[in-house]
Amino acid sequence: MLYDLILKGGTIFTPGGLISKDIAVKNGKIAAIGEFEKHQADACLACDGLTILPGAIDTQVHFREPGLEGKEDLESGSRAAVLGGITAVFEMPNTNPPTDTAEALADKLARAKNRMWCDHAFYIGATAHNFDKLAGLESLPGCAGIKVFMGSSTGNLLVDDDETLLSVLQSGRRRVAIHAEDEARLKERQPHRVTNDPSSHPVWRDDETAMRATKRILSLAQKAGRPIHILHVTTPEEMALIAFHKDIASCELTPQHLTLAAETAYPELGSYAQMNPPIRSGKHQAGLWDALQQGIADVIGSDHAPHTIEEKQRPYPQSPSGMPGVQTLLPLMLHHVAEGRLSLARLVDLVSYGPQRLFGLLNKGRIAVGYDADFSIVDMKASWVVEEEWLASKCGWSPFSGKQLKAKPVGTVIRGHRVMWEGQLYGEAIGRPLRFQDSLRNELKK
């Protein structure tokens, strides 16, 4: 057989662990794993000294299109993703207009065609007006599932009362993604915001704001019998609670909360460190690492939420919450692997196996014959600095600019196409909608 592509000379992370073999690709799929000669394929990618991981999937990004393209758009956000070694993303619904109808989802899918560099799916936002339609919406091809904002953040997709939340959870069957901050407590604590002092952000949006919402949504999920996915958890107490509700709840940590701590982040970064839920103390960060090492965390998501430099320089609290992160997710977590904070196997579980397992992704998330030929190719011996020239997000900044890192993504391959190599893009934007087990029937009808 003449293959389309051979990845030769690398160390491969397979379901059985690391092995030194080649990978042969045909028609966008992994055709064989073994030993091959260059002449057996139309193209050969030399991976000597490199580690080939299953394609990393970022299950929480905000690419801001439509309506907020000055901050980011689907092309620029996905370009940042593949430059950082990400092969697929789940994009959030708090755009303008929000993605809360079948028509809005179709619009995003149309916008993504021939413009997005990575594979993709889009969340539908739950509202008080569409909860009775969510069961049908969540099964549409290209839909990542349903997203609920319990606390106010960017956009206008707030669902904060238990009656509506329960109705949302009772409509449909797929895992629902949750932004868990208690809106009533946020309103109560607004006086704790200090003008021009972003370090007051975690005082306003305190631990109890997060814990109260997490307790509420766990109780409602149990009542509805509906699986939920709690995003960007920031407190060890929440992680401990979620650990005893794993029958109904999965959870996400972000690289930001694992890497930044309030004691240094706010003095050094000011409002650039401002996000929801907030960067908290070093003690919180240590607790999150412990929960990750205990196996409680299911995935790592970037919560890529860019705003322009002009917006972020407004005096707090007029400055918007959110920071870019899709391009630095894999570099930061590889750095933590190199520093010994977690194993490579645990990282693969968090960014590849976990997303596939939780959300029922088809043909993604592992290096095995028959799966899509998606690879994040990394140099575990690299030493480099995050430079602003490398960043592709329209917002033009990162809280990690100037940070010295160990280990680096050097290649991104999506369905057998080399999309990025050594910081350069290749070919054209080839991203396609992701496929899910729960929407397969509707997909086949089309």
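Just above, that's the structure.
Residues numbered from 1 in each chain as written. Predicted model: local features only at pLDDT ≥ 70, side-chain atom pairs only at ≥ 80, totals over all residues. Heavy atoms only, no water.

Asks: What's the story with the pairing of strand β18 (residues 417-421) in this structure? I'm lost.
Replies: Each regular strand carries side chains that alternate between the two faces of the sheet. Summarising the sheet, strand β17 (residues 404-414) and β18 pair through four bridges and their orientation is antiparallel. Within β18, the residue paired with I414 across the bridge is H417. Where β17 folds back on β18, the antiparallel hairpin that results is connected by two residues, among which R415 adopts a positive phi of roughly 50°. Note that β18 and strand β19 (residues 424-425) share two bridges and pair antiparallel. Following the sheet pairing, M420 is matched in β19 by L425. Counting the residues that bridge the hairpin from β18 to β19 gives two residues, and of these E422 lies at a positive phi of roughly 50°. (Pairing = 2+ DSSP bridges. Helix = DSSP H or I, 4+ residues; strand = E, 2+ residues; numbered from the N terminus.)

Asks: Looking at this model, I keep getting lost on the side chain of E238. Mind explaining?
Replies: Relative to the helices and strands, E238 resides in helix α8 (residues 236-243). Buried charge without a salt bridge: E238, with R280 as the nearest opposite-charge side chain at an N-O distance of 5.7 Å. Of note is the side chain of E238, whose polar atom sits 2.8 Å from the side chain of T235. (Buried < 20%, exposed > 50% of the residue type's maximum accessible area, 1.4 Å probe, protein only. Lys, Arg positive; Asp, Glu negative; His and termini not counted. Salt bridge = Lys/Arg side-chain N within 4 Å of Asp/Glu carboxyl O. Polar contact = N/O pair within 3.5 Å; in protein donor to acceptor, adjacent residues only side chain to side chain.)

Asks: Whenever I open this one, the pattern of salt bridges confuses me. Can you help?
Replies: Oppositely charged side chains may form a pair once their charged atoms are brought near each other. Evaluated as defined, the whole model comprises 32 salt bridges. For D438, the salt bridge goes to R173, with nearest N and O atoms at 2.5 Å. Within this pair, whereas D438 is found in the loop between β19 and α15 (440-445), its partner R173 is found in the loop between α4 (162-169) and β12 (176-179), the two being separated by 265 residues in sequence. Through salt bridges with shared partners, one network takes in K29, D119, K364, D372, D374 and R415.

Asks: Would you mind going over the environment of D349 with me for this structure?
Replies: Among the secondary structure elements, D349 is positioned in helix α14 (residues 344-359). Distance from D349 to I300, taken between C-alpha atoms, is 9.3 Å for residues 49 residues apart in sequence.

Asks: Any chance you could explain the packing of aromatic side chains here in plain terms?
Replies: The description of an aromatic ring pair rests on the distance of the ring centres and on the angle between the ring planes. By the definition in use, this model includes seven aromatic pairs. Ring centres of F13 and Y353 lie 6.4 Å apart, and the angle between their planes is 55°; this geometry places the pair in the tilted category. Here Y353 lies in helix α14 and F13 lies in strand β2 (residues 11-14), a separation of 340 residues in the sequence. Geometrically, the ring pair formed by W384 and W390 is edge-to-face, given 5.1 Å between the ring centres and 75° between the ring planes. The same class applies to W384 as to W390, namely buried. Ring-pair connections join several aromatic residues into one group, and the members of that group are F90, Y123, F359 and F436. Over the ring of W204 we find R193, and its NZ or CZ is 4.7 Å from the ring centre. Positioned above the aromatic ring of Y426 is the side chain of R418, whose terminal nitrogen or guanidinium carbon lies 3.8 Å from the ring centre. (Phe/Tyr/Trp six-rings, centres within 6.5 Å; stacked < 30°, edge-to-face > 60°. Lys NZ or Arg CZ within 6 Å of the ring centre and 35° of its normal.)

Asks: Would you take a moment to explain the pairing of strand β1 (residues 3-8) for this structure?
Replies: Bridging between β1 and strand β6 (residues 41-46) involves five bridges; their strand directions are parallel. Considered in β6, the bridge of K8 is made with A46. In this sheet, strand β4 (residues 22-26) lies alongside β1 in antiparallel orientation, the contact comprising three bridges. Its bridge partner being in β4, I6 is matched across the sheet by A24.

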